[in-house]
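Summary of the model geometry
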Amino acid sequence: MGILGRAASEMQMKKLTCIGMELQFEWEQVAAFVRQPDGSLFSWRERFTCFRYLIYGIVNKTNSEISLKFDDKEFYWKQNESLLRRLEDEGVVKLVFPLHEEIKRKQLLRNWALNWHDFTWQPIDEVYSYFGTKIATYFAFLGMYTRWLFFPAVSGLATQLIDFGSFQWLVLPAFFIFVISWAVFFLQFWKRKNSALLARWGINYSFAEYKASANELEPIRHYLSIEREEEKNFDDAPAEKRRLQRNEWSGVLLRIRNNAIIVLGIICLQLPFELAYAHLYEKTETEALRYVLTALYLVAIQYYTRIGGKVSVILIKYENNQGEQSSADSLIYKVFGLYFMQSYIGLFYHASLYRDILTLRKVLIQRLVVSQGVGKSD
């Protein structure tokens, strides 16, 4: 732990303190920093970052180049060069990745993956400590979403099995209103749960709330003085402020441009394909051929989606995103728009083409059945 602590200190890693402020980690003041739910000082991702820093930090500190040999191949390790980086460039090291911690892996396998008593309960704190924030939040959302699906599932089953007699015409509108209300409530309750999880993990906090108590915290006084000095220098530099604003607006315009490229690309590539599919679907008389046509259609849609995802990743590299989180948010917007349009543009076209709820329902059933097979085979 001492090696990781000193590595984190050298990296100037930011960690949450017990008073709610995120400050540069100092090994000498380790008691002032928040620990993980399992009692460890660093999360899985922080440990991996420290180990990566250590192994890539092995450099040639001699005054000359060092000759290295591997499988009759000779190369030179230059001064102040990372050894691992040189080995990667020479093809000696193919990939660097973390291994599982076998004890924790088996514990998660027993308490999580093989837990047959409660399908919706998950050891979220253990998942967070092992896999990090994003993976834990993802599975927390899936668990809550699975539990909440019970309500629309029961309601939908009731609308299909129960004969409401003269009030049958009110069933579908009432069910639609219920689903919309369910989605609103689910979103609000998920926001509360997500905020509670982030607060429990020491991630969701406000710097402004704790700034007033700085005078009472002697061990971190010098950090606050440094930040106040930086703010003062920033206020005295209007040119720097204008440059930052210009870069921010430039990033916004680049994201708008790239989003427009994604949308126009989907329309130009998929709309002719949708028209051809709708025309062939209408001309096809047998249900078996319609299922085959739908399968070919969904395979092509998956292929278009992969191309759009790769294009989105390439476009993000040319955006002026401020950090990893901003790039991830931009990618989420693009991928969400991509999946939404490619999943529903065909349904919207069929709905406007047939204007028949029974025909549209038949199309939806065929897509659902075929998509299950295509998804599993993919």
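Residues numbered from 1 in each chain as written. Predicted model: local features only at pLDDT ≥ 70, side-chain atom pairs only at ≥ 80, totals over all residues. Heavy atoms only, no water.

**Focus on the packing of aromatic side chains**
- By the definition in use, this model includes 18 aromatic pairs.
- Feature note: the residues Phe141, Tyr145, Trp148, Phe150, Phe151, Trp182, Phe186, Phe189 and Trp190 constitute an aromatic cluster, connected by ring pairs. (Phe/Tyr/Trp six-rings, centres within 6.5 Å; stacked < 30°, edge-to-face > 60°.)

**Concerning the UniProt feature "transmembrane region" (unreviewed entry) in the chain**
- UniProt annotation of "transmembrane region" (unreviewed entry) refers to residues 138–158, 170–190, 252–273 and 288–305 when read in the numbering used here.
- Span residues 138–158 is 95% helix and 0% strand, its end C-alpha atoms 31 Å apart.
- For residues 252–273, the helix share is 100%, the strand share is 0%, and the end-to-end C-alpha distance is 32 Å. (UniProt positions renumbered as here; feature names shortened; annotations may be inferred. Helix = DSSP H or I, 4+ residues; strand = E, 2+ residues; numbered from the N terminus.)

**A look at a nonpolar patch on the surface**
- A grouping of Leu157, Leu161, Ile162, Phe164, Phe167, Trp169 and Leu170 is seen on the molecular surface, where their side chains present a nonpolar patch of about 790 Å² in accessible area.
- When you line up the elements, Phe167 lands in the loop between α7 (150–161) and α8 (171–200).
- A residue is classified by how much of its surface remains accessible, and Phe167, at 55% relative accessible area, is exposed. (Patch = residues over 30% accessible without salt bridge, like charges linked within 9 Å, V, L, I, M, F, W, Y side chains within 5 Å. Areas by Shrake-Rupley, 256 points an atom, 1.4 Å probe, with all protein chains shown as cover. Salt bridge = Lys/Arg side-chain N within 4 Å of Asp/Glu carboxyl O. Buried < 20%, exposed > 50% of the residue type's maximum accessible area, 1.4 Å probe, protein only.)

**Notes on the pairing of strand β3 (residues 66–70)**
- As paired elements, β3 and strand β4 (residues 73–77) share 5 bridges and run antiparallel to each other. Opposite Lys69, over in β4, you have Glu74 as the bridge partner.
- Counting the residues that bridge the hairpin from β3 to β4 gives 2 residues, and of these Asp71 lies at a positive phi of roughly 55°. (Pairing = 2+ DSSP bridges.)

**Description of the packing of helix α1 (residues 2–10) against helix α2 (residues 44–56)**
- Put simply, α1 and α2 touch, their axes get as near as 9 Å, and they point 80° apart. Classed by the angle they form, the pair α1 and α2 counts as roughly perpendicular. Within the contact between the two elements, α1 uses Ile3, Leu4, Ala7, Ala8 and Glu10 and α2 uses Arg47, Cys50, Phe51, Tyr53 and Leu54.
- Of the residues belonging to the contact of α1 with α2, the class tally is 8 nonpolar, no polar and 2 charged. (Axes fitted to C-alpha atoms, helices over the stretch in contact; angles between N-to-C directions. Parallel < 35°, antiparallel > 145°, perpendicular 65-115°, else oblique. Contact = heavy atoms within 4.5 Å. Nonpolar A, V, L, I, M, F, W, Y, C, P; charged D, E, K, R; others polar.)

**Some details on the pattern of salt bridges**
- Applying the stated rule across the entire model yields 6 salt bridges.
- Notably, a salt bridge pairs Lys73 with Glu90, separated by 3.4 Å at the nearest N-O pair. Remark: Glu90 occurs in the loop between α3 (83–89) and α4 (102–113) and Lys73 occurs in strand β4; sequence separation between them is 17 residues.
- Its relative accessible area of 35% is what places Lys73 among the partly exposed residues.
- Relative accessible area serves as the criterion here: at 21%, Glu90 is assigned to the partly exposed category.
- Close ionic contact of Glu102 with Arg105 constitutes a salt bridge, the shortest N to O distance being 2.7 Å.

**Structural notes on the environment of Glu88**
- Residue position: Glu88 is located in helix α3.
- Non-local contacts of Glu88, meaning those with residues more than four positions away in its chain, are made with Tyr56, Val93 and Val96.

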